[in-house]
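Each chain, written out:
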Amino acid sequence: QVNITVGLSATVAASITSALGGVYSETLMKGNSKLTVWQRNVLLGFYSIVLGLGAIACMPEQRHIVSEKGFFHGYTLMTCISISIQGCGGLIIGFVMKYATVILKDIATSLSIVFSCTFSALFFDQHLGAPFITGACMVMVGAWAFSMAKPPKGDP
């Protein structure tokens, strides 16, 4: 059963919170902070741990499973690889945000999604429909337009 309203609302909420988080993180990285990129990543990681543990504490059935079988129960090699890839991606994004802009990070993320899906179609016989092709074209045009834009006068 698909609920389009819930799915669309979740997507819009995720987009808004991602944008706000990106702008906030860029402000932290490029502001007058004395913290290094590594220190900032550890700090942001700590917030994630607190929120994750808070979520487990609020869900009695999950809390019961974690207390009986341990936090890593059910993890497979693929789960560990996925977590490692996400962690490395987070570190790379931290460096990108330190030396680039949120817009550039979003374009890079969008291009990586397009390339990942394209490779999945080529190697794993995934079907790419018209919505994906349209989205991929929009991402490519956006990346091209951003690369062609001239900086405002007064910017170095």
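Residues numbered from 1 in each chain as written. Predicted model: local features only at pLDDT ≥ 70, side-chain atom pairs only at ≥ 80, totals over all residues. Heavy atoms only, no water.

Asker: So what's going on with the overall build of the protein? Which residues, and what values?
Answerer: Counting its regular elements, the protein contains 6 helices and 0 strands. Starting at the N terminus and walking to the C terminus, you meet the elements of the protein as α-α-α-α-α-α. For the protein, the share of sequence-separated contacts (at least 6 apart) that also reach a separation of at least 24 residues comes to 61%. Just so you have it, the protein exposes about 12200 Å², and 72% of that area is on carbon and sulfur atoms. (Helix = DSSP H or I, 4+ residues; strand = E, 2+ residues; numbered from the N terminus. Contact = heavy atoms within 4.5 Å. Areas by Shrake-Rupley, 256 points an atom, 1.4 Å probe, with all protein chains shown as cover.)

Asker: Kindly report on the packing of aromatic side chains, identifying the contributing residues and their values.
Answerer: As enumerated under the stated definition, the model contains 3 aromatic pairs in all. A ring pair is formed by Phe71 and Phe72, whose centres lie 5.1 Å apart and whose planes are at 90°; its orientation type is edge-to-face. With a centroid separation of 6.2 Å and 55° between ring planes, the pair formed by Phe71 and Tyr75 is classed as tilted. Linked through ring pairs, Phe71, Phe72 and Tyr75 together constitute an aromatic cluster. (Phe/Tyr/Trp six-rings, centres within 6.5 Å; stacked < 30°, edge-to-face > 60°.)

Asker: Quick one: what's the story with a nonpolar patch on the surface, residue by residue and with numbers?
Answerer: Taken together, the side chains of Val2, Ile4, Leu8, Val12, Ile16 and Leu20 make up a nonpolar region of the molecular surface, amounting to roughly 650 Å² of accessible area. For Leu20, the location among the structural elements is in helix α1 (residues 4-30). (Patch = residues over 30% accessible without salt bridge, like charges linked within 9 Å, V, L, I, M, F, W, Y side chains within 5 Å. Salt bridge = Lys/Arg side-chain N within 4 Å of Asp/Glu carboxyl O.)

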